[in-house]
Amino acid sequence: FRRSLRGQRPLRRRAGSEARVGDGRSGSLGAPQAASRSLGPSRSWASLGAGGPCAAMAMASARPSPGKMTAPRRRRVGALLALTLAWLALALLQNGARAGPAEAAKAQAKRRKAMMAAGGDGGIVTFGNANYSTIVDRRRDFDIVLVFTARSPRYGCSVCNAVETTLADVAASYKATRSGKAPELFFAAVDVDSGRELFNRYDMQHAPHVYALPRRDVKGGDALAEAGELLSSAEYEGLTAVHIANAIDEELGVRIRITNDASLAWAAMALLVLLAAAAGHYAEGDVSRFLALARSRHIWLFVCLATYGFGVSGSVYCIIRGTPLYRRYGQYGPTLFSEGGRDQYVLEGVSVSLLCIAIGISIMVMNFAARNRTVDDKVNPIVGTALNVLRVFATTIALAAAAVLLCKLFELYVFKTRWYDGIETMPEVLRPYLRAPPKVKKSSGLIPRLAKFTYFSFVNAKTAGGVVKKFDTLVLAYVKRKLLG
């Protein structure tokens with residue numbers, strides 16, 4: 001209206017506005033919503049024609065107050081708020097999706113680093129009550145072979161030590177054959193002393209138990225309850241590294257090629273080469289000297305003892321199985337003798353062979369000293385008496401050495417075969433007669449007592465000290481009572 005008065009622009013009337021405004025002048029304004037939609041708040045009075053101001057005022061009076069919101073407007077505002085909230089939620093989800101894998105990767109790398117620092121690269125990691133759930137039950141990108149064991153000698157679990165030893169060989173073979181790649185498999189152990197809560201948590205009444213725990217993409221839960229036992233209880237006796245490697249391949253899909261330590265074979269070959277070189281140097285091209293060396297009694301005595309020691313030591317078993325020299329069990333120190341009846345270490349076999357050879361040498365010395373008596377009359381009587389005393393002394397020492405070594409060998413035999421007794425080594429026909437031990441009373445004579453002592457030493461004795469104590473009780477006490485009254 002102001003523009004038309006100033007002459008800026010001629011007034012233009014819209015088509016159809018006459019009818020609407022005329023209707024307004026006649027007092028028929030219609031519904032407030034229709035008027036609001038036809039004119040709207042943005043129209044100027046100039047567009048309303050002659051009755052514009054009056055109609056605008058009438059429609060303004062018919063509109064709702066500014067403090068109230070119409071239903072369509074409420075719907076538009078609600079839809080706008082819903083879209084805004086949906087956009088914010090989608091943005092948060094996208095940021096979480098971007099940050100989630102990065103944080104998970106950092107946590108998994110931290111757990112892998114902890115396993116490597118604890119000796120997991122080629123060794124066995126020891127889990128306890130504190131660090132078990134922080135690694136095993138969390139999200140991780142590596143597999144775990146876990147053994148529950150009882151290492152302490154007071155538990156007497158020979159199978160536990162044998163299984164853990166074999167598992168350590170598998171871990172060393174896995175490190176040697178994975179070609180420098182990052183390990184995808186770790187080996188761990190839970191000892192009953194450091195993981196008593198875990199044993200109670202899973203209600204384990206005996207050991208060992210070996211589990212294969214695959215990698216996890218979820219956080220929390222119980223990884224052990226979700227996994228299965230890798231080996232059955234019947235497979236623990238006489239378990240080999242190849243057997244465990246095949247079970248891991250079948251359960252986790254990780255292939256391990258078992259590698260045996262060839263140091264023992266190389267040492268044997270080097271010894272043979274040195275012996276051949278020494279023989280060649282001694283002969284110096286003279287065949288007769290070489291034949292004289294081959295006919296030497298001392299050489300063949302050494303060969304016989306070496307062959308006997310090789311057979312008794314079980315070195316063939318060590319070569320086939322690739323057993324270690326010895327085994328170290330954490331705080332309990334090195335162990336030369338395996339508690340498994342069907343397992344042994346290299347130094348264990350060598351010790352047994354040297355023990356048997358020492359017993360044989362003691363018997364030979366005793367026999368030699370007992371036979372060489374001084375019968376020559378030309379020898380000075382004093383010298384002859386001294387030689388006889390020396391002979392008796394050497395015989396006694398050799399006899400005592402043989403007895404002590406035999407007792408030690410007997411203790412080792414009981415230690416290795418604790419589930420057997422002496423009766424089981426006898427023919428089956430004699431076993432029923434040997435089951436009933438001889439009865440000895442206080443009035444019994446020497447013969448029944450010796451029979452009782454022999455039965456105890458052969459069947460029931462576990463240590464040499466027990467044999468000595470039983471001999472003192474049954475035999476010596478009776479002899480003292482009879483002789484001294």
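Provided above is the structure to which this section pertains.
Since we're looking at a predicted model, the values are computed, not measured.

1. Looking at the state of the cysteines
A disulfide bridge is the covalent bond that connects two cysteines by way of their sulfur atoms.
Part 1 of the argument: Scanning the entire structure with this criterion turns up one disulfide.
Part 2 of the argument: The disulfide partner of C157 is C160, and the S-S distance across this bridge is 2.0 Å. Note on the C157 and C160 pair: the S-S dihedral is about 75°, so by sign convention the disulfide is right-handed.

2. Details of the packing of aromatic side chains
Part 1 of the argument: Following the criterion strictly, the structure yields six aromatic pairs and no others.
Part 2 of the argument: One aromatic cluster in this structure is built from F148, F199, Y202 and Y211.
Part 3 of the argument: Over the aromatic face of F456 sits the side chain of K470, whose NZ or CZ is 5.2 Å from the ring centroid.

3. A short note on the layout of surface pockets
Part 1 of the argument: Estimates place the volume of the largest pocket at around 1000 Å³.
Part 2 of the argument: As for the largest pocket, its lining consists of 31 residues, and the residues nearest its centre are L271, L272, L275, F302 and A306.
Part 3 of the argument: The biggest single contributor to the lining of the largest pocket is helix α10 (residues 263-283), with 10 residues.

4. Considering a nonpolar patch on the surface
Part 1 of the argument: Residues L325, Y326, L336, L347, V350 and L354 make up a contiguous nonpolar surface patch of roughly 500 Å² in combined accessible area.
Part 2 of the argument: A residue is classified by how much of its surface remains accessible, and L354, at 53% relative accessible area, is exposed.

5. A word on the sheet that holds strand β1 (residues 124-127)
Adjacent strands of a sheet form backbone hydrogen bonds with each other and so pair up, either parallel or antiparallel.
Part 1 of the argument: Read from one edge of the open sheet, five strands run β1-β3-β2-β4-β5, paired in mixed fashion. Either end of the sheet is taken by a strand with one partner, and the two such strands are β1 and β5 (228-229).
Part 2 of the argument: Sitting on the sheet, helix α6 (residues 158-177) touches β1, β2 (143-149), β3 (185-191) and β4 (209-213), and the angle it makes with β3 is about 160°.

6. Concerning the packing of helix α12 (residues 297-313) against helix α14 (residues 346-371)
Part 1 of the argument: Interaxial distance between α12 and α14 falls to 8 Å at its minimum, and their mutual angle equals 135°. Of the possible angle classes, the one that applies to α12 and α14 is oblique. Of the two possible hands of crossing, α12 and α14 adopt the one that is right-handed. Here α12 contributes L305, Y308, G309, V312 and S313 to the contact with α14, which in turn contributes G349, V350, V352, S353, C356 and I357.
Part 2 of the argument: In the contact of α12 with α14, the residues fall into seven nonpolar, four polar and no charged.

7. Points about the packing of α14 against helix α15 (residues 381-416)
Part 1 of the argument: Packing of α14 against α15 brings their axes to within 8 Å, and their N-to-C directions diverge by 155°. Classed by the angle they form, the pair α14 and α15 counts as roughly antiparallel. Seen along the crossing, α14 lies across α15 with a hand that is left-handed.
Part 2 of the argument: A per-class count over the contact of α14 with α15 returns 19 nonpolar, two polar and four charged.

Criteria and cut-off values
- Residues numbered from 1 in each chain as written.
- Predicted model: local features only at pLDDT ≥ 70, side-chain atom pairs only at ≥ 80, totals over all residues.
- Heavy atoms only, no water.
- Disulfide = S-S within 2.5 Å.
- Phe/Tyr/Trp six-rings, centres within 6.5 Å; stacked < 30°, edge-to-face > 60°.
- Lys NZ or Arg CZ within 6 Å of the ring centre and 35° of its normal.
- 1 Å grid on protein atoms, 1.4 Å probe; cavity = no way out; pocket = protein on both sides within 12 Å on 5 of 7 lines; lining within 4 Å.
- Points joined across faces, edges and corners; volume = space filled by probe spheres on them.
- Helix = DSSP H or I, 4+ residues; strand = E, 2+ residues; numbered from the N terminus.
- Patch = residues over 30% accessible without salt bridge, like charges linked within 9 Å, V, L, I, M, F, W, Y side chains within 5 Å.
- Areas by Shrake-Rupley, 256 points an atom, 1.4 Å probe, with all protein chains shown as cover.
- Salt bridge = Lys/Arg side-chain N within 4 Å of Asp/Glu carboxyl O.
- Buried < 20%, exposed > 50% of the residue type's maximum accessible area, 1.4 Å probe, protein only.
- Pairing = 2+ DSSP bridges.
- Contact = heavy atoms within 4.5 Å.
- Axes fitted to C-alpha atoms, helices over the stretch in contact; angles between N-to-C directions.
- Parallel < 35°, antiparallel > 145°, perpendicular 65-115°, else oblique.
- Left-handed = near helix turned anticlockwise from the far one by under 90°.
- Nonpolar A, V, L, I, M, F, W, Y, C, P; charged D, E, K, R; others polar.

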